[in-house]
Amino acid sequence: MSCRGLARLLVPLALLVAACTAPKSKVCRETCTREADCHESSEEEDSTFDEGECIAACAALERDDQTRGLVTRHAECVARAQSCREVLECK
């Protein structure tokens, strides 16, 4: 295998490892955990929610200057919510 072929295999692997080991923010973990708990207790059969995907997406959005405000507003909504119904209504 050539060096170029090896690089094609190793670069995506390195990016995947970096993404999996990237630090996740406390805000994202707390927000997504609360949302996951509410989705689990939801009576909707089609309620699918992946807490890990939520945390990863949230952390990515939080790192971006243009989308950080969206994360902040959503986290504040979830934190203010008094019930799971209110949590699930947060956009």
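Preceding this section is the structure that the text describes.
Q: Mind showing me how you'd approach the state of the cysteines here?
A: Each disulfide is one covalent bond, formed between the sulfur atoms of two cysteines. This model, assessed by the stated rule, comprises 4 disulfides. With its sulfur 2.1 Å from that of its partner, Cys-28 forms a disulfide with Cys-58. Between Cys-28 and Cys-58, the disulfide has an S-S torsion of -75° and is therefore left-handed. You can see Cys-28 sitting in helix H2 (residues 26-41) and its partner Cys-58 sitting in helix H3 (residues 51-63), a full 30 residues away along the chain. In this structure Cys-28 comes out as buried when scored by relative accessible area, which is 0%. There is a disulfide in this structure between Cys-32 and Cys-54, and the S-S distance comes to 2.0 Å. A torsion of -70° about the S-S bond marks the disulfide between Cys-32 and Cys-54 as left-handed. With Cys-32 in helix H2 and Cys-54 in helix H3, this pair connects stretches of sequence that are 22 residues apart.

Q: What am I meant to see in H3 here?
A: Think of an α-helix as 3.6 residues a turn; residues three or four steps apart then line up on the same face. For H3, with 13 residues, the first-to-last C-alpha span of 18 Å sits near the 18 Å given by 1.5 Å per residue. Turning to H3, its buried residues number three or more, namely Cys-54, Ile-55, Cys-58 and Ala-59. Buried residues in H3, looked at end-on, bunch into an arc of 125°, giving them a common side. Facing away from the buried side of H3, by more than 90 degrees, are the exposed residues Glu-53 and Arg-63. Tucked inside the fold, the buried residues of H3 contact H2 and helix H4 (68-80).

Q: Can you walk me through the layout of surface pockets in this structure?
A: The gaps left among the atoms become clear once a water-sized probe is rolled over them. Considering only enclosed or pocket space, the largest pocket measures out at about 190 Å³ in volume. Going through the elements one at a time, H2, H3 and H4 are the ones with two or more residues in the lining of the largest pocket.

Q: It is not clear to me how the packing of H2 against H4 should be interpreted in this structure. Could you clarify?
A: The relative placement of two packed helices is expressed as an angle between their axes plus a distance between the axes. Where H2 meets H4, the closest approach of the two axes is 10 Å, and the angle between their N-to-C directions is 50°. When the axes of H2 and H4 are compared, the pair comes out oblique. At the point where H2 passes H4, the crossing takes the left-handed sense. In contact with Val-27, Cys-28, Thr-31, Arg-34 and Glu-35 of H2, H4 contributes Val-71, His-74, Ala-75, Val-78 and Ala-79. Broken down by class, the residue content of the contact of H2 with H4 amounts to 6 nonpolar, 2 polar and 2 charged.

Calculation criteria
- Residues numbered from 1 in each chain as written.
- Predicted model: local features only at pLDDT ≥ 70, side-chain atom pairs only at ≥ 80, totals over all residues.
- Heavy atoms only, no water.
- Disulfide = S-S within 2.5 Å.
- Helix = DSSP H or I, 4+ residues; strand = E, 2+ residues; numbered from the N terminus.
- Buried < 20%, exposed > 50% of the residue type's maximum accessible area, 1.4 Å probe, protein only.
- Expected span 1.5 Å × (residues − 1).
- Arc of directions from axis to C-beta.
- Contact = heavy atoms within 4.5 Å.
- 1 Å grid on protein atoms, 1.4 Å probe; cavity = no way out; pocket = protein on both sides within 12 Å on 5 of 7 lines; lining within 4 Å.
- Points joined across faces, edges and corners; volume = space filled by probe spheres on them.
- Axes fitted to C-alpha atoms, helices over the stretch in contact; angles between N-to-C directions.
- Parallel < 35°, antiparallel > 145°, perpendicular 65-115°, else oblique.
- Left-handed = near helix turned anticlockwise from the far one by under 90°.
- Nonpolar A, V, L, I, M, F, W, Y, C, P; charged D, E, K, R; others polar.

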